[in-house]
Amino acid sequence: VAEGEPGEGREPFELPRFWDALGQTFQVTSQEATKLSLAFSRPPLPSAEDCRKLSEDVQNAILAVATVYYWLPKGQGTTLRKMVRDATTEVVEGMIQLTDTILNAPAESLSQEQLISTGGVWEACEQVSNLPRGEYNQAAVGLALASCLAVVKDAVEEMEHALVEGQDPYGDIMEDEELGFRGNRDTYWSEADRQLLGSCMGLMKASKACLKKVLAAVKAHGKADSPEQIAQLDDLADIANEISPSVDELALSMYPPVNPLAVRLNHTQEASLMNFLHFCRASHVCPLSEEGWVQFLTGAVDHNMNKVKNFTQNQL
């Protein structure tokens with residue numbers, strides 16, 4: 001499941017039928033995990049014949065989960081397939097862990113590890129209800145963009161909080177017991193640092209705005225009527241996945257002691273944002289009505305990056 005690739009089936013693919021079948025197989029697997037755990041929760045242990053039957057039922061449930069996953073053709077979109085694959089892998093791994101726990105647990109009692117492992121399978125099986133079931137790949141890409149947006153929002157809020165006037169960015173770190181109060185100036189921002197960081201914050205906020213606007217555009221205009229449209233949605237999700245790590249990298253470079261040259265040479269944020277905006281404008285999710293904000297955010301990224309370069313010119 002983790003390494004294999006579903007192929008194009010011979011029969012016409014029906015998404016509602018797929019979701020029904022996947023939900024049923026996850027439910028059956030959850031039930032089999034409960035049966036297996038209960039059978040080994042108290043003496044007497046199951047007989048050899050009962051063990052054989054339990055094993056067959058667990059194996060059949062897992063094979064059914066994997067089989068249904070393989071129904072999902074590549075043409076439905078890589079973003080959707082990855083989400084389904086991750087959910088399927090989590091169920092299989094959860095059942096493996098439960099089985100290992102039972103094999104290694106004392107026979108006379110229900111261990112805490114067994115309870116946790118059983119609950120882990122239940123939780124993994126319940127994730128099927130959280131998978132995107134909208135119009136093919138569109139819903140999956142929307143979910144992926146929303147996840148990236150949440151990460152970037154957290155990073156922006158954390159940095160905004162740290163940049164409050166007089167705020168010590170390391171204030172949550174305990175002072176050294178031997179040295180007493182921290183007197184190292186490298187733990188504080190200078191006024192010059194704060195001017196530079198204002199432009200860095202502009203780039204971080206542009207990242208948040210880009211993700212928010214593209215997410216809205218995907219919901220409003222995203223389609224999956226052709227392989228080209230599905231591929232464009234997948235590419236948007238892939239490029240968006242590059243933005244949150246670049247925001248984290250930029251945020252880390254902003255903590256004192258600030259190295260202005262390192263901030264200047266860090267073009268990851270600018271490149272990922274420009275790539276995201278360029279691809280969005282060229283895709284079907286960006287009709288003429290959406291071009292205004294694309295142009296505005298492109299200008300905002302350029303403006304803040306130019307300010308970063310101006311502040312750090314003497315570092316070259």
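Residues numbered from 1 in each chain as written. Predicted model: local features only at pLDDT ≥ 70, side-chain atom pairs only at ≥ 80, totals over all residues. Heavy atoms only, no water.

1. What about the overall build of the chain?
Part 1 of the argument: For the chain, the helix and strand inventory stands at 10 helices and 0 strands.
Part 2 of the argument: Seen in sequence order, the chain has helices and strands lined up from the N terminus as α-α-α-α-α-α-α-α-α-α.
Part 3 of the argument: A buried classification covers 44% of the 316 residues belonging to the chain.
Part 4 of the argument: For the chain, the exposed area adds up to about 17100 Å²; of that, 53% sits on carbon and sulfur atoms. (Helix = DSSP H or I, 4+ residues; strand = E, 2+ residues; numbered from the N terminus. Buried < 20%, exposed > 50% of the residue type's maximum accessible area, 1.4 Å probe, protein only. Areas by Shrake-Rupley, 256 points an atom, 1.4 Å probe, with all protein chains shown as cover.)

2. Thoughts on the packing of aromatic side chains
Part 1 of the argument: Inspection of every chain in the model, using the stated rule, returns 4 aromatic pairs.
Part 2 of the argument: Taken together, the ring pairs connect Phe-13, Phe-18 and Trp-19 into an aromatic cluster.
Part 3 of the argument: Sitting over the face of the ring of Trp-71, Arg-17 holds its NZ or CZ atom 4.9 Å from the ring centroid. (Phe/Tyr/Trp six-rings, centres within 6.5 Å; stacked < 30°, edge-to-face > 60°. Lys NZ or Arg CZ within 6 Å of the ring centre and 35° of its normal.)

3. Examining helix α9 (residues 268–282)
Count 3.6 residues to each turn of an α-helix, and residues three or four apart come out pointing the same way.
Part 1 of the argument: Taking 1.5 Å per residue as the helical rise, α9 with its 15 residues ought to reach 21 Å, and the 21 Å between its terminal C-alpha atoms agrees with that figure.
Part 2 of the argument: Gln-269, Glu-270, Ser-272, Leu-273, Phe-276, Leu-277 and Cys-280 are the residues of α9 that are buried.
Part 3 of the argument: At its buried positions, α9 is contacted by α5 (137–162), α6 (191–221), α7 (227–254) and α10 (291–311). (Expected span 1.5 Å × (residues − 1). Contact = heavy atoms within 4.5 Å.)

4. As for the side chain of Glu-32
Part 1 of the argument: Along the chain, Glu-32 turns up in helix α1 (residues 15–39).
Part 2 of the argument: Sequence-distant contacts of Glu-32, that is, excluding residues within four places in its chain, are made with Asp-57, Val-58 and Ala-61.

5. A short note on the pattern of salt bridges
Part 1 of the argument: Here the structure, examined in full by the defined rule, presents 6 salt bridges.
Part 2 of the argument: One salt bridge connects Asp-86 with Lys-82, and the closest N-O pair in it is separated by 2.9 Å. Placement of the pair is Asp-86 and Lys-82 together in helix α3 (residues 78–104), with a separation of 4 residues, close to one helical turn.
Part 3 of the argument: Glu-160 serves as the salt-bridge partner of Lys-205, at 3.5 Å between the closest nitrogen and oxygen. In this pair, Lys-205 is assigned in helix α6 and Glu-160 in helix α5, connecting sequence segments 45 residues apart.
Part 4 of the argument: With a relative accessible area of 40%, Lys-205 lands in the partly exposed category. (Salt bridge = Lys/Arg side-chain N within 4 Å of Asp/Glu carboxyl O.)

6. Some thoughts on a negative patch on the surface
Part 1 of the argument: Among the surface-exposed residues, Glu-90, Glu-93, Glu-123 and Glu-126 lie close enough to one another that they form a single negatively charged patch.
Part 2 of the argument: Elements with a contribution of two residues or more to the negative patch: α3 and α4 (112–126).
Part 3 of the argument: Secondary-structure assignment places Glu-126 in helix α4. (Patch = residues over 30% accessible without salt bridge, like charges linked within 9 Å, V, L, I, M, F, W, Y side chains within 5 Å. Lys, Arg positive; Asp, Glu negative; His and termini not counted. Charge placed at Lys NZ, Arg CZ, Asp CG, Glu CD.)

7. Concerning the nonpolar core
Part 1 of the argument: In this structure, Met-204 and Phe-276 are the most contacted members of the largest nonpolar core, which totals 80 residues.
Part 2 of the argument: For this core, the element with the most residues is α6, which contributes 13 residues.
Part 3 of the argument: Each of domain 1 (15–128) and domain 2 (137–167 + 180–312) accounts for three or more of the residues forming this core.
Part 4 of the argument: Setting aside its immediate chain neighbours within four residues, Met-204 contacts Val-152, Ala-155, Val-156, Met-159, Val-247, Leu-250, Ala-251 and Met-254. (Core = buried A, V, L, I, M, F, W, Y, C linked by side-chain atoms within 4.5 Å. Domains from an automatic or database assignment.)

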